Every structure is written in C-alpha cells, then in structure tokens.
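Here is what each chain is made of, one letter per residue.
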Amino acid sequence: MTFLQKYHYLYLSILFILLYSIAYAFVTNDEKKRTNIELVNALERTSVEYKLIYNIYKKNSRLIFKQFVNKPKILQIMADINTSNKDIQRKKLYNQLKVEYALGKKLGIKLVQFHLPNNESFLRMHKLEKYGDNLSKYRYCVGYVNRFHKPISGFEQGKVIDGFRFVYPLSKDNKHIGSVEVSVNTQAFKTLFENTLYVDAYFLLDKKVSMYKLFKDEVNNHYNDSFESDDYLQTKRDAHDADLKLYIQKHQQTYRNLLAPKLKSKKAFAIEIVAKGEHYIKVFLPIKNIKEKKVVAYFVS
C-alpha cells in the first residue's frame, strides 16, 4: 500500500468516525428531547387527571352534606348534646345516619366525623370505637371551622387516616353547634384514579407528620416504609406493576439516589425508568396541607 493510499484510508476512517459521532450525537440528543417532551406531557396530563378525581370527590362530599347531614333531625341531635347524654346522642346520631353512610361509602366517602364546638371528636362513622379525643393539636381544619364557622377543604393527615378533608360548620337557630367532615381517604382516591384511568397510583406520606398524628395501631395496621425514601410512608395495600416493582427492589439505592434531590425540592416532577426493555414514566405530584400550605405528601402515578 502506497503512502497516498494509506493517507486516503486514514482520511476515510477519520471521516467515518466523525460522521458516526455526529449522527450518534444527533440521535441521542433527539431521544433526550423526545423523552423530555414525554415527561412534560405525562406531568401535565397527570395533574389534570388528579384535579378531575379531586373535584369528583369534592362534589360528592357537598352532595352528601346537603342531602343527608345538614338536616333538622341531625342538627337537633347535635344541639341537644350535653355532658351527661353524650353516649345516648352518639347512638342516636349513628342510627340516624347508618343507612346514608353506607350509600356514601359507595361513592368513596368513607370518612364521616362529627365534632363538638371545642374540637372534641364526637362520632367517627368509620371508627365507632374511637371518640372523645380532642383534635385541636392534630386537625387544623376542624379548629378552623369551629372557630370561624366557615367550610374548608384540602389535604390533612389525621389520627386514624390521611385524606382529603371537606369540613362544614353545623348550626341551629343561628347558633354554632359543631362541625362535620365528609371526606375521602387516599386509598379511595387512588382506587377511583386507577379504575377510571387504568394506571397504577399511590401516595407517599411524610413519615414525621404521620407518626406524630396517627394512632400507633393505625400506623402498624395500614402503613409501610416506602421504596422511594425512609422519609415517607405508603399504605400496605398499594400495588405496582410487577416488573417495575421487581426492578425497583433490585436497584433500590440507585432509584433512591435519583429521587432524593427531586423529593427534597418539594416540586412536581417526572422520571423515566427502563425495566426489562419497557419504558415507564413515573409522575410525582406534591400535595400541600391545609394549614401551612406545606408539602406533606406526594401523589405518584
């Protein structure tokens, strides 16, 4: 091979490598752009879907309050409560509402609780054996409604369960007689989201807030540490795609390292995971509590 041929061969080789590098960079850059667009679209779509499910429950809560709770018989029972007849009135109230409560549960409204004006829990329709505890330290929304006599709504972790709270004042003859919440827990919210949109979903809950507020037996019965972070809990019944779950378990530390700065930012974000050749997009939407508007949970889909 002559010197000229060697030079020509070297020139072609360098040219080929250069063109290949440019093409590879172009394709890779194009894939990154396409992935980023898909992540943004998934984030926007999930945000809209989340608000849709929230508004369904908000309307259902208002309907149940108007049709079943804010009625003369119910208000009279609450107005007649005194220190010596609480057990009698509690039983009356339960019997008056047990049929309607069963109907409300079919709409996903499982958290119905009546409070006295001093924020004492009078009746939990969903937890009959737990009553008499004062909620002033744990339930800002209850204290707000009993103080200002105005309805309030939003996310709040409680002593029995976490959920989206819709709390209304109760009055008779222009006198404030207490409040009632007609709310939905995160499990019901997740179930409707999944059944409506055919995707997996779950909630991550701030562990410190949950451990401070929840009854200890409720923590043990309903929650586990999350795959994502030791700072969060998730409900035991949450399910994930089998392949994705297996992949996350196998690469948990890598997964956590990816999520750590994003979770710390307290902002909405989406990530892509490739497991067994399948591409998965996971969206994380921050949820703020009612009182400080502080992020205390994430909705994940």
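Everything discussed here concerns the structure shown above.
The text that follows walks through the structure, step by step, so that each part is easy to find. Think of each chain on its own: its residues are numbered from 1, step by step along the sequence as written. Confidence filtering applies because this is a predicted model: local features only for residues at pLDDT of at least 70, side-chain atom pairs given and counted only at 80 or more, and all residues used for totals across whole chains, interfaces and linings. Note that the side-chain values use all heavy atoms of the structure and ignore hydrogens as well as water.

## Things to note about the pairing of strand β3 (residues 152-157)
Reasoning step 1: Counting buried positions along β3 yields five of six residues, so the element is predominantly enclosed.
Reasoning step 2: For two strands to be treated as a pair, DSSP must find at least two bridges joining them. Starting at the N terminus, helices and strands are each numbered in turn, a helix being any DSSP run of H or I of at least four residues and a strand any DSSP run of E of at least two. Bridging between β3 and strand β4 (residues 162-172) involves six bridges; their strand directions are antiparallel. Residue pairing in the sheet places E156 in a bridge with G163 of β4.
Reasoning step 3: Hairpin connection from β3 to β4: four residues lie between these consecutive antiparallel strands. Summary of the burial criterion: residues with accessible area below 20% of their type's maximum are buried, those above 50% are exposed, and those between are partly exposed, where the area comes from a 1.4 Å probe applied to protein chains only.

## Thoughts on helix α3 (residues 86-106)
Reasoning step 1: Given the number of residues in a helix, its expected span is that number minus one, multiplied by 1.5 Å. For α3, which comprises 21 residues, the first-to-last C-alpha distance of 29 Å matches the rise-based estimate of 30 Å (1.5 Å per residue) to within 8%.
Reasoning step 2: Considering bend angle alone, the principal kink of α3 is centred on K98 and spans about 50°.
Reasoning step 3: At the exit of α3 stands G108, carrying a positive phi of roughly 90°. Fitting one axis to the seven residues ending at a residue and another to the seven starting there, the bend at that residue is the angle between the two axes.

## Some thoughts on the environment of I109
Reasoning step 1: Along the chain, I109 falls in the loop between α3 and β1 (111-115).
Reasoning step 2: Sequence-wise, I109 and K58 are 51 residues apart; in three dimensions their C-alpha atoms are separated by 9.8 Å.
Reasoning step 3: In this analysis, two residues are considered to be in contact whenever any of their non-hydrogen atoms come within 4.5 Å of each other. With near-sequence residues (within four places) excluded, I109 lies in contact with Y57, N60, S61, I64, Y101, G104, V182, S183 and V184.

## Let's talk about the sheet that holds strand β5 (residues 175-185)
Whether parallel or antiparallel, the strands of a sheet pair through hydrogen bonds between backbone atoms.
Reasoning step 1: The antiparallel open sheet is built from five strands, whose spatial order is β2-β1-β5-β4-β3. In this open sheet, the two strands that pair with only one neighbour each are β2 (121-124) and β3. Sheet twist, expressed as the mean angle between neighbouring strand axes with direction ignored, is 30°.
Reasoning step 2: Of the pairings in the sheet, the one linking β1 to β5 comprises five bridges and is antiparallel in character. Residue pairing in the sheet places V112 in a bridge with V182 of β5.
Reasoning step 3: Packing of helix α5 (residues 186-197) onto the sheet brings it into contact with β3, β4 and β5, and relative to β5 it is tilted by some 45°. Axis definition: a line fitted to C-alpha atoms, over the contacting stretch in the case of helices. Angles run 0 to 180 degrees between N-to-C directions.

## Quick notes on the packing of aromatic side chains
Reasoning step 1: Aromatic rings from Phe, Tyr and Trp, with only the six-membered ring used for Trp, were paired whenever their centres fell within 6.5 Å, and each pair was classed as stacked if the ring planes differed by under 30 degrees, edge-to-face if by over 60, and tilted otherwise. Here the structure, examined in full by the defined rule, presents 21 aromatic pairs.
Reasoning step 2: Both rings, one in Y50 and one in F164, keep their centres 6.2 Å apart while their planes meet at 65°; by these two values the pair is edge-to-face. With a gap of 114 residues between them, Y50 in helix α1 (residues 3-69) and F164 in strand β4 connect regions that are remote in the sequence. The pair formed by Y50 and F164 is uniform in burial state, with each residue classed as buried.
Reasoning step 3: Between F189 and F203, the aromatic rings sit 5.7 Å apart at their centres with planes inclined by 75°, giving edge-to-face as the arrangement.

## Focus on the nonpolar core
Reasoning step 1: Core analysis: the biggest nonpolar cluster contains 54 residues, and F114 and F164 have the highest contact counts within it.
Reasoning step 2: Looking at this core, the element that brings in the most residues is α1, giving nine residues.
Reasoning step 3: Residue contacts for F114: discarding those within four places in its chain leaves V69, I74, M78, L93, L97, E120, S121, F122, L123, L170, S179 and V180.
Reasoning step 4: To form a nonpolar core, buried Ala, Val, Leu, Ile, Met, Phe, Trp, Tyr and Cys residues must be joined to one another through side-chain atoms within 4.5 Å. Grouped together as the second largest cluster of nonpolar side chains are 17 residues, I248, F269, V295 and Y298 included.

## Some words on the sheet that holds strand β9 (residues 269-275)
Reasoning step 1: On the basis of which strands lie adjacent, the open sheet formed by six strands has the order β7-β8-β6-β11-β10-β9 and antiparallel pairing. Sheet topology places β7 (223-225) and β9 at the edges, where each strand pairs with a single neighbour. This sheet shows a mean twist of 30° between the axes of neighbouring strands, independent of strand direction.
Reasoning step 2: Judged from the two bridges that link them, strand β6 (residues 202-206) and strand β8 (residues 232-235) form a sheet pairing that is antiparallel. Its bridge partner being in β8, L205 is matched across the sheet by L233.
Reasoning step 3: Docked against the sheet, helix α8 (residues 242-250) engages β9 and β10 (278-288), running at close to 95° with respect to β9.
Reasoning step 4: Running at roughly 175° to β9, helix α9 (residues 252-265) makes contact with β6, β8, β9, β10 and β11 (295-300) of the sheet.

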